[in-house]
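Below, each chain spelled out in residue letters.
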Amino acid sequence: MSERQERLQNRLQPEIREFRDSCRTLQLATVDGEGNPNASYAPFVLLEDGYYVLISEIARHARNLQQVPRVSLMLIEDESGARELFARKRLTFDAVAEVVARDDARWSKAVAALEGRFGEIIKGLSNLKDFKLFRLKPEQGLFVKGFGQAFAVSGDELVDFVHLVEGHKRIDTGAELTSPADAPV
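Residues numbered from 1 in each chain as written. Predicted model: local features only at pLDDT ≥ 70, side-chain atom pairs only at ≥ 80, totals over all residues. Heavy atoms only, no water.

Colleague: Describe the packing of aromatic side chains, listing the residues and the values that go with them.
Modeller: Scanning the entire structure with this criterion turns up three aromatic pairs. Judged by centre distance (5.4 Å) and plane angle (55 degrees), the rings of Phe44 and Tyr51 are tilted. Its relative accessible area of 1% is what places Phe44 among the buried residues. Classification of Tyr51 as buried rests on a relative accessible area of 3%. (Phe/Tyr/Trp six-rings, centres within 6.5 Å; stacked < 30°, edge-to-face > 60°. Buried < 20%, exposed > 50% of the residue type's maximum accessible area, 1.4 Å probe, protein only.)

Colleague: An account of the nonpolar core is needed here, citing residue identities and associated values.
Modeller: Formed by 26 residues in total, the largest nonpolar core has its most connected members in Leu26 and Leu136. At the level of elements, α1 (3–22), β1 (25–31), β4 (50–56), α2 (60–67), β5 (70–76), β6 (90–100), β7 (131–146) and β8 (149–154) are the ones that each hand at least two residues to this core. Discounting chain neighbours no more than four positions away, the residues touching Leu136 are Leu26, Leu28, Gly50, Tyr51, Val53, Val71, Leu73, Ala95, Val96 and Ala97. In this structure, Leu47, Leu54, Val100 and Leu133 belong to the second largest nonpolar core, which totals 13 residues. (Core = buried A, V, L, I, M, F, W, Y, C linked by side-chain atoms within 4.5 Å. Helix = DSSP H or I, 4+ residues; strand = E, 2+ residues; numbered from the N terminus. Contact = heavy atoms within 4.5 Å.)

Colleague: Could you give an account of the pairing of β1, with specific residues and numbers?
Modeller: Along β1, the buried face is formed by Leu26, Leu28 and Thr30; none of Thr25, Gln27, Ala29 and Val31, which line the opposite face, is buried. Relative to strand β2 (residues 37–43), β1 runs antiparallel, the two being bridged by seven bridges. Within β2, the residue paired with Ala29 across the bridge is Ala39. Between β1 and β2, which pair antiparallel one after the other, the connecting turn spans five residues, and Gly35 there sits at a positive phi close to 90 degrees. (Pairing = 2+ DSSP bridges.)

The following block contains the structure:
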């Protein structure tokens, strides 16, 4: 890792973790076996081996994850706190979904962590037959801080930061934008 890369990582990693830890739900983009898309969300807990969500297989996104275990997940800044709605802070990942069996040690650990984060409701939901625990293992992702501030991130501990080199450019001059104020009116 280059010195520049290390500085960038040291600066961004705490910011990404703080942002991620402030989110309690994540957005899910799934598809079914025929490729029909579905957008949804789920409360989550992050453990060392991925994001865990507890969702009912009555829900379309749970059935989709069982049919096609590829998913895009997104954590996004709340609209009410965003300085600019066109450039909300967000962390997205391509991920692989896996159903965790009830007799797997990860089940107990993840359900306990979910209960610690969300309270008694998890105890009730985890005892319903239709609720499945999914581990979403992130692979590659993107952290967007704002206009012209997008960074590629890896799925393993977010250690591989690379600033994207292509930004927004004006039609008339070709100049790269660094803020929405630079955009032509």
